[in-house]
Structures are given as C-alpha cells and as structure tokens.
Amino acid sequence: MTTMETYWEVQTFLAYEARLLDEERYTAWLGLFTEDAHYWVPGVENRGRSDPDGTYAPSRMAYFDDTLEDLGRRVVRFTAPTAWAEDPATRHLHVVSNIEVEQAEAPGELLVRSVIVNYRGQGDIDAATLYGRREDILRRVSGELRIARRLVLLRHAVLPAKNINTFF
C-alpha cells in the first residue's frame, strides 16, 4: 500500500477527472494523460470458468483500444457541430469508488484499481447506467499524476445502452 497522502492525492485526481468528464471538459481531460497513454475497454464475452481464453483478450473485440491521439479524435467527433446524436447533449454522471492504490512495478508509477459507475441520460427517456472495474497506471510527469494506462472491464456482456458515447 501507499501513504495516506498518496491515497488522498489519487482520490482527488480521480474525482477531478470525473468532474471534467461530467462537465464535458474533454480538452482538459485529455491533458490528464501521458503522451504514450493506452486506453482499453475490451468487450466482455460470456465464457465458462474452465475456458483458458477468459472473458476478454487483446486479440478480441474492444469498445476502445486507443492511444492519446485516438482519444483526441473521439473528442473532436463528440463535440463537432455535425454530431447529431449529441444534440441534445448526453448528461453524464461518473461515480468512482472502491479506490485501491499501490506502487506499480515501474518507479514513479502507481497501480490504481477502482469501480466506475457511469449514468448517461439524453432527452426525456433515454438513459442507461454502465458499471465497470478500472485498473489504471498513474505516472508522475513533472510532479503531477497522469494516466499512462487505463483498462476498463465493463460488467455487461450486453450493453444496456444503444451506444458508448462516454469515457470511463
């Protein structure tokens, strides 16, 4: 485990990140990532416990398998005037809990595990709640925490939403 000061710093960082996403401050959110960031949200498959391939793998479908540049393109697409699916805009609420912090293998990096709940509503009746577990590698860059790697394991084999127009 890490110190209480480090834990508090990580918790504050994750709360700030969630607020940026809720407020659609995507440019500031992208600034929380390292240049070599990898953001991966694999599809989850229903497989038996004895299946050696498990429920997800890099060789199979992913909702997101993005670099920082890819995330930037998604932000441009979400916020473009031609993004008719975002008019009216989706209302987001991100809740981050069950935060665990430990030293990662590489010096200057932290392994952070958390649970994410993302409520998204649009218009009068279109709403969905997505649940997942996250595993982040946070790296210090010029003394500030930055996201170097994010793995989001959604708990849904079938999404309860018509699309994923959100970040986790």
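Residues numbered from 1 in each chain as written. Predicted model: local features only at pLDDT ≥ 70, side-chain atom pairs only at ≥ 80, totals over all residues. Heavy atoms only, no water.

**Quick word on the pairing of strand β1 (residues 33-42)**
Here is step 1: Across the ten residues that make up β1, a large majority, seven, are buried.
Here is step 2: Bridge count between β1 and strand β6 (residues 144-154): four bridges; the pairing is parallel. Within the sheet, the bridge partner assigned to F33 lies in β6 and is I147. (Buried < 20%, exposed > 50% of the residue type's maximum accessible area, 1.4 Å probe, protein only. Helix = DSSP H or I, 4+ residues; strand = E, 2+ residues; numbered from the N terminus. Pairing = 2+ DSSP bridges.)

**Brief notes about the pattern of salt bridges**
Here is step 1: Summed over the entire model, instances satisfying the criterion amount to 17 salt bridges.
Here is step 2: Put simply, R60 and E45 hold a salt bridge, and the shortest N to O gap is 3.1 Å. In this pair, R60 sits in the loop between β1 and β2 (62-67) while E45 sits in the loop between β1 and β2, placing the two residues 15 residues apart along the sequence.
Here is step 3: According to the relative accessible area criterion, E45 is partly exposed, its value standing at 28%.
Here is step 4: Between R139 and E109 there is a salt bridge, with the nearest N and O atoms lying 2.8 Å from each other. One end of the pair, R139, is in strand β5 (residues 126-141); the other, E109, is in strand β4 (residues 109-122), with 30 residues separating them in the sequence. (Salt bridge = Lys/Arg side-chain N within 4 Å of Asp/Glu carboxyl O.)

**Overview of the packing of aromatic side chains**
Here is step 1: Applying the stated criterion across every chain yields a total of eleven aromatic pairs.
Here is step 2: A centroid spacing of 5.4 Å and a plane angle of 85 degrees characterise the contact between Y39 and F64, whose relative ring orientation is edge-to-face. Of this pair, Y39 sits in strand β1 while F64 sits in strand β2, and the two are 25 residues apart along the sequence.
Here is step 3: For F64, a relative accessible area of 1% translates into the label buried.
Here is step 4: Ring centres of W40 and Y56 lie 5.8 Å apart, and the angle between their planes is 65 degrees; on these two criteria the pair is classed as edge-to-face. (Phe/Tyr/Trp six-rings, centres within 6.5 Å; stacked < 30°, edge-to-face > 60°.)

**Concerning the sheet that holds β2**
What links the strands of a sheet is backbone hydrogen bonding, and the strands pair in either a parallel or an antiparallel sense.
Here is step 1: Strands sit in the order β2-β1-β6-β5-β4-β3 across an open sheet of six strands; the sheet is mixed. Of all strands in the sheet, those with a lone pairing partner are β2 and β3 (91-103), marking the two edges. Strand after strand, the sheet turns through a mean of 20 degrees between neighbouring axes, direction not considered.
Here is step 2: Examined bridge by bridge, β4 and β5 share 14 bridges and lie antiparallel to one another. Residue V117 lies in a different strand from β5, and its bridge partner there is Y131.
Here is step 3: Here helix α1 (residues 4-22) sits on the sheet and contacts β3, β4, β5 and β6; the angle it forms with β3, its principal contact strand, is near 160 degrees.
Here is step 4: Against the sheet, helix α3 (residues 68-79) touches β1 and β2, its axis set at about 115 degrees to β2. (Axes fitted to C-alpha atoms, helices over the stretch in contact; angles between N-to-C directions. Contact = heavy atoms within 4.5 Å.)

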